[in-house]
Amino acid sequence: MPPKILVIGSTGQVGRTLKDIVHSNLDLGAHYPNLNKDIFQFASRAPRSDEIALDLNAPESEILSILDRVNPALIINAAAWTAVDLAEEKQVDAFKANAEAPGTLARWAAKNHRMLIHFSTDYVFDDTLDSPRNENAPTGPLQVYGRSKLLGEQNVLAALPGGIILRTSWVFSEHGTNFLKTMLRLGRDREELNVVKDQVGAPTSASTLADVALRFASLIRNPKTTNHLGGIYHVASRGETNWFEFASEIFKEARNLDFPLNVKTVKPIMSSQYPTPAQRPLNSRLDVTKVEKTLGITLPDWRESMKKVLNDLKGKN
Ligand SMILES: NC(=O)c1ccc[n+]([C@@H]2O[C@H](COP(=O)([O-])OP(=O)(O)OC[C@H]3O[C@@H](n4cnc5c(N)ncnc54)[C@H](OP(=O)(O)O)[C@@H]3O)[C@@H](O)[C@H]2O)c1
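Residues numbered from 1 in each chain as written. Predicted model: local features only at pLDDT ≥ 70, side-chain atom pairs only at ≥ 80, totals over all residues. Heavy atoms only, no water.

Caption draft 1: Region of interest: the packing of helix α3 (residues 60-70) against helix α4 (residues 91-111). With their axes 10 Å apart at the nearest point, α3 and α4 run at an angle of 40° to one another. Judged by the angle between their axes, α3 and α4 are oblique. As α3 runs across α4, the sense of the crossing is right-handed. Along the contact surface, α3 presents Glu-60, Ile-63, Leu-64, Leu-67 and Asp-68, while α4 presents Lys-96, Ala-101, Thr-104, Leu-105, Arg-107 and Trp-108. (Axes fitted to C-alpha atoms, helices over the stretch in contact; angles between N-to-C directions. Helix = DSSP H or I, 4+ residues; strand = E, 2+ residues; numbered from the N terminus. Parallel < 35°, antiparallel > 145°, perpendicular 65-115°, else oblique. Left-handed = near helix turned anticlockwise from the far one by under 90°. Contact = heavy atoms within 4.5 Å.)

The structure is reproduced here in structure tokens:
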């Protein structure tokens, strides 16, 4: 039995993209040395026949016994409570999935000399600063979701200092619920839309995140890797934008691709004109220098990734 890589959250944007890559015709080992499809196992709380059942909100003993049974060499945790507004009323559930369970995964990994790659968010930051933040910038989450994710990071690194945390922002993909797909739906159903302009960040495609996770997995499984990889990495598209500009660019490109669109006017508004239960940070910019240096890559620009996802969606319709 080869040592396995267990991906948790196979129905989410990142987990599903990882599954698509692993199950595609890609020669995985050629792109990601030391990896091959046979070592991957996928888990979700509503598993398909080829998957493992794993609920992050289950009691710790249950999670531990699943890990003992599967015995993965590496866990990639792409599952999380991501309903940012609902987290304000369901704090206990959000903290269980985003903070306690990642701690459990990390403790199991530490005890068994295994590795963990875990995802986190730009929402661990507050509104201060007007420039990209690096991994050492002070945190200060503005809402329950960000606080739960920050505690998750801390729990992981306290138990497993060699664990890898990939902090990202504004995830979109052809799968699941995300801003790009919501704009395509609203742009089809409405003639006028108001979109927030004062939150700045980088929309990041799930493919970028899956690629980075697989590059780290490849390094972890390389017996010659000697450098210490553990810690936090900021992973986001290059470039920056705001939600209004992102929406406008989505519509421009979607029109070029003949998506059905009835929207005529997109109006920029301020966050204060669009109150939500959870406050969002105005500055979501992440400095990606560390991950680019570590992996020797240049992350794609958000426009390039946006075009690719729109093309993929178009190809499927
Ligand atoms: N989405 C964003 O804009 C964004 C931004 C910054 C960081 N992130 C982080 O990036 C990572 C991946 O996010 P994503 O966008 O791929 O998330 P997503 O599309 O919302 O998917 C979340 C995944 O987590 C699973 N999940 C939720 N609660 C669970 C539980 N109790 N037990 C097991 N699985 C559970 C979901 O399963 P079900 O299908 O069963 O619900 C789903 O597979 C997360 O750590 C997230 O915090 C996301």
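After that view, the rundown keeps rolling.
Caption draft 2: Quick peek at the side chain of Thr-241. Mapped onto the fold, Thr-241 is located in strand β12 (residues 241-242). Here Thr-241 falls in the buried class, since its relative accessible area comes to 3%. One polar contact links Thr-241 to Glu-245, side chain to side chain, over a distance of 2.4 Å. Setting aside anything within four residues of it in sequence, one finds Thr-241 in contact with Trp-170, Gln-199, Val-200, Gly-201, Pro-203, Phe-246 and Trp-302. (Buried < 20%, exposed > 50% of the residue type's maximum accessible area, 1.4 Å probe, protein only. Polar contact = N/O pair within 3.5 Å; in protein donor to acceptor, adjacent residues only side chain to side chain.)

Caption draft 3: Focus on the pattern of salt bridges. Taken as a whole and assessed by the stated rule, the structure comprises 18 salt bridges. For Asp-85, the salt bridge goes to Arg-280, with nearest N and O atoms at 2.6 Å. Placement of Asp-85 in the loop between β4 (72-77) and α4 and of Arg-280 in the loop between β13 (265-269) and α9 (289-295) is noted, with a sequence separation of 195 residues between them. With relative accessibility at 19%, the residue Arg-280 sits in the buried group. The partner of Arg-188 in a salt bridge is Asp-189, and the shortest N-O contact between them spans 3.0 Å. For Arg-188, a relative accessible area of 38% gives the class partly exposed. (Salt bridge = Lys/Arg side-chain N within 4 Å of Asp/Glu carboxyl O.)

Caption draft 4: Here's a closer look at the environment of Phe-95. Structurally, Phe-95 is set in helix α4. Remark: the alpha-carbon pair of Phe-95 and Glu-60, spanning 35 residues in sequence, is separated by 13 Å. Among all residues touching Phe-95, those that are not within four sequence positions of it are Glu-100, Val-144, Arg-147, Ser-148 and Leu-151.

Caption draft 5: Region of interest: the nonpolar core. Residues Ile-5, Leu-35, Phe-40, Leu-166, Val-212, Phe-216 and Val-291 are the most contacted members of the largest nonpolar core, which totals 43 residues. Counting only elements with at least two residues in this core, the list comes to β1 (4-8), α1 (13-23), β2 (40-44), β4, β5 (115-121), β6 (164-168), α7 (206-220) and α9. Ranked by residues supplied to this core, first place goes to α7 with eight residues. Once residues lying within four places of it in the same chain are set aside, the contact partners of Val-291 are Val-212, Phe-216, Tyr-233, His-234, Val-235, Gly-296, Ile-297 and Leu-299. Membership of the second largest hydrophobic core comes to 32 residues, among which are Leu-54, Ala-94, Ile-232 and Ala-278. (Core = buried A, V, L, I, M, F, W, Y, C linked by side-chain atoms within 4.5 Å.)

Caption draft 6: Quick look at the packing of aromatic side chains. Counted according to the given criterion, the structure contains nine aromatic pairs. Aromatic pair Phe-40 and Phe-42: ring centres 6.2 Å apart, planes at 20°, arrangement stacked. Relative accessible area serves as the criterion here: at 8%, Phe-40 is assigned to the buried category. Accessibility expressed as a relative area gives 3% for Phe-42, which makes it buried. Ring plane angle 55° and centroid distance 4.8 Å describe the contact between Phe-216 and Tyr-233, whose orientation is recorded as tilted. Of this pair, Phe-216 sits in helix α7 while Tyr-233 is found in strand β11 (residues 231-234), placing the two residues 17 residues apart along the sequence. We note Lys-290 situated over the ring of Tyr-233; from NZ or CZ to the ring centre the distance is 4.3 Å. One Lys or Arg, Lys-314, reaches over the ring of Phe-259 and ends 5.1 Å from the middle of that ring. (Phe/Tyr/Trp six-rings, centres within 6.5 Å; stacked < 30°, edge-to-face > 60°. Lys NZ or Arg CZ within 6 Å of the ring centre and 35° of its normal.)

Caption draft 7: Structural context of the environment of Pro-47. With respect to the secondary-structure elements, Pro-47 resides in the loop between β2 and β3 (52-53). Remark: the alpha-carbon pair of Pro-47 and Gly-9, spanning 38 residues in sequence, is separated by 9.6 Å. Setting aside residues up to four positions removed in sequence, Pro-47 forms contacts with Ile-52 and Ala-53.

Caption draft 8: View of the packing of helix α8 (residues 243-256) against helix α10 (residues 302-316). Where α8 contacts α10, the two axes come as close as 10 Å, and the packing angle between them is 45°. As far as their axial angle goes, α10 and α8 are oblique. Crossing of α8 over α10 shows right-handed handedness. Residue-level inspection shows Glu-245, Phe-246, Glu-249, Ile-250, Glu-253 and Ala-254 of α8 in contact with α10, the latter providing Trp-302, Arg-303, Met-306, Lys-307 and Leu-310. Its residues assigned to classes, the contact of α8 with α10 comprises six nonpolar, no polar and five charged. (Nonpolar A, V, L, I, M, F, W, Y, C, P; charged D, E, K, R; others polar.)

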